[in-house]
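Descriptive analysis of the structure
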Amino acid sequence: MERHTIEPRPGWQQIVEAQGLIYPLTRYPDDSLRPYWDESAYYSFTLPEVEALEEVVEELHGMCLAAAAHIVEHDRFADLGIDDPRQAGLIAEAWQRRDELPSLYGRFDLHYDGTGPAKMLEYNADTPTSLVEAASAQWFWMEDRFVGADQWNSLHERLVEAWRRQAKLLPPGAPLHFAHSAGDELGEDLMTVAYLEETAQQAGLETVAISMEEIGWDSLSGRFVDQRLKFIRSCFKLYPWEWLATDRFGPHVLDTLDNGGGTGTTLWIEPAWKMLLSNKALLAILWELYPGHPNLLPAYLDGPRELADTAGYVAKPLLGREGAGVTVHRAGAEPVVRDERCCYQEFAPLPDFDGNRVVLGAWVVEDEAAGLGIRESAGLITDEYARFLPHVIL
């Protein structure tokens with residue numbers, strides 16, 4: 001794994017925008033605009049490196065599924081901050097019927113510098129973004145810059161094939177709705193959902209685009225409806241389950257949840273059992289089940305324990321996006337146990353390449369490793385100001 005500088009393509013911004021990356025720039029607090037898509041540098045990997053990382057990702061995914069089974073079997077929902085027995089019961093039912101429910105993708109965030117084993121930082125298996133840049137923009141960049149080279153990237157083909165295989169799990173005779181939140185001012189959610197809708201269309205599915213805010217509730221029929229007052233039988237949503245289940249219409253979501261087996265009237269994708277994997281408590285449960293595993297970092301739910309005196313620790317809220325609420329605590333500092341529910345994970349400073357802190361985003365489609373996206377940040381936490389850089393296998 002190496003970082004290289006390179007001259008950006010002339011007109012790069014217009015190129016990636018035409019490829020669907022509608023927000024190539026990030027606005028900073030000083031009101032300046034700086035590249036989010038950053039092709040002034042790239043990362044290179046060897047093929048053996050990528051093959052080893054693929055094996056790690058698929059092993060971690062299998063371990064996460066085993067941890068999900070453990071949570072359900074041992075009724076450990078409270079460790080995830082899920083205190084509503086009804087919600088917990090529906091998640092457990094979704095897990096037991098997972099073979100009947102469509103489930104598409106997820107993204108591992110990994111600590112890796114090319115010299116030691118990759119370490120799992122977290123798993124977003126419910127609403128992962130940075131998909132368009134990983135699946136599309138960096139592939140076209142490679143074709144322009146490195147003719148005949150390769151990339152860890154089979155995302156597009158695997159997504160289309162996943163929709164094709166899972167079409168039989170969708171309610172017959174009804175379109176699949178694709179919903180994003182209109183509250184996302186950057187357009188990242190819209191872009192991601194539009195791309196996933198395109199992959200579904202290429203798989204032969206009938207689709208309807210909608211925003212979460214446009215979804216209506218028909219009190220007479222007791223069903224969710226779209227802008228044309230048509231029943232929503234299935235819906236892919238880029239809207240976290242913790243919001244969906246607890247906002248104003250949360251009770252209706254739970255009342256009408258199609259968990260397979262003919263239950264309910266609305267099938268949501270990702271399914272409810274993905275709440276077991278997108279919760280930071282998963283990190284502590286994994287460490288409990290696989291202590292000392294080379295691809296895990298020590299993590300706990302009841303406090304930092306020995307981490308406060310050894311490596312230091314990172315306190316992560318159980319739910320959150322783009323580093324929100326994450327705090328770093330150096331070794332030897334006074335331990336801080338936060339009032340909110342957190343996971344306390346060993347502090348592993350992100351690899352530093354020429355002053356750039358890098359995290360690997362390794363994608364899973366269905367149960368297989370499918371691609372890589374790389375983000376860089378200036379600080380220790382990968383936040384909303386991180387940059388996306390392409391990669392190539394050399």
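Residues numbered from 1 in each chain as written. Predicted model: local features only at pLDDT ≥ 70, side-chain atom pairs only at ≥ 80, totals over all residues. Heavy atoms only, no water.

1. Topic: the side chain of H111
Mapping H111 onto the fold places it in strand β5 (residues 105–111). A distance of 2.8 Å separates the side chain of H111 from the backbone oxygen of P349, its partner in a polar contact. Among residues more than four places away in sequence, those in contact with H111 are P117, A118, K119, L121, A348, P349, L350 and P351. (Helix = DSSP H or I, 4+ residues; strand = E, 2+ residues; numbered from the N terminus. Polar contact = N/O pair within 3.5 Å; in protein donor to acceptor, adjacent residues only side chain to side chain. Contact = heavy atoms within 4.5 Å.)

2. Things to note about helix α2 (residues 47–73)
Its 27 residues place the ends of α2 39 Å apart at the C-alpha level, agreeing with the 39 Å of an ideal helix rising 1.5 Å per residue. D75 sits one or two residues past α2 and shows a positive phi near 50°. (Expected span 1.5 Å × (residues − 1).)

3. Topic: helix α3 (residues 85–96)
Along its twelve residues, α3 runs 16 Å from first to last C-alpha, staying within 8% of the 16 Å computed at 1.5 Å per residue. Listing the buried residues of α3 in full gives Q87, A88, L90, I91, A92, A94 and W95. On the buried face of α3, the contacting elements are α2 and α8 (250–255). (Buried < 20%, exposed > 50% of the residue type's maximum accessible area, 1.4 Å probe, protein only.)

4. Observations concerning the sheet that holds strand β12 (residues 267–269)
Strand pairing in a sheet is mediated by backbone hydrogen bonds. Such pairs are either parallel or antiparallel. If you walk across this open sheet you meet the four strands as β8-β7-β11-β12, and the pairing is parallel. In the strand order of this sheet, the two ends are held by β8 (207–211) and β12, each with one partner. Each strand axis lies, on average, 25° off the axis of its neighbour in the sheet, ignoring direction. Across five bridges, strand β7 (residues 176–180) lies against β8 in parallel orientation. Each residue of the ladder has a partner; that of L176, found in β8, is T207. Its contacts with the sheet place helix α6 (residues 188–202) against β7, β8 and β11 (234–237), and it is angled at close to 165° to β7. (Pairing = 2+ DSSP bridges. Axes fitted to C-alpha atoms, helices over the stretch in contact; angles between N-to-C directions.)

5. As for the pattern of salt bridges
Scanning the model with the defined rule gives 23 salt bridges in all. The partner of E39 in a salt bridge is R9, and the shortest N-O contact between them spans 2.7 Å. On the criterion of sequence distance, the pair formed by E39 in the loop between β3 (33–35) and β4 (41–45) and R9 in the loop between β1 (2–5) and α1 (12–18) is long-range, its members being 30 residues apart. The two residues E39 and R9 agree in class, both being buried. Here R76 makes a salt bridge to D79, at a shortest N to O gap of 2.9 Å. The partly exposed category is assigned to D79, whose relative accessible area is 28%. Via salt bridges that share partners, R3, D38, E376 and R387 belong to a single interconnected network. (Salt bridge = Lys/Arg side-chain N within 4 Å of Asp/Glu carboxyl O.)

6. Observations regarding the sheet that holds strand β15 (residues 327–329)
Spatial ordering of the open sheet is given by β13-β16-β14-β15, a layout of four strands whose pairing is antiparallel. The sheet is open, and its two borders are formed by β13 (299–300) and β15, each paired with just one other strand. Where strand β14 (residues 313–317) lies against strand β16 (residues 342–346), five bridges are found, and the strand directions are antiparallel. Pairing of V314 across the sheet is with Q345, part of β16.

7. Some details on the pairing of β4
Counting buried positions along β4 yields five of five residues, so the element is predominantly enclosed. Neither face of β4 is exposed, since A41, Y43 and F45 on one face and Y42 and S44 on the opposite face are all buried. When β4 meets strand β21 (residues 391–393), the two strands line up parallel, connected through three bridges. Bridge assignment links F45 to a residue of β21, and that residue is I393.

8. Brief notes about the packing of aromatic side chains
Across all of its chains, the model carries 18 aromatic pairs by this definition. In this structure an aromatic cluster arises from ring pairing among Y105, W163, F178, F236 and W363. The ring of Y28 is capped by R34, whose NZ or CZ atom sits 3.9 Å from the centre of that ring. (Phe/Tyr/Trp six-rings, centres within 6.5 Å; stacked < 30°, edge-to-face > 60°. Lys NZ or Arg CZ within 6 Å of the ring centre and 35° of its normal.)

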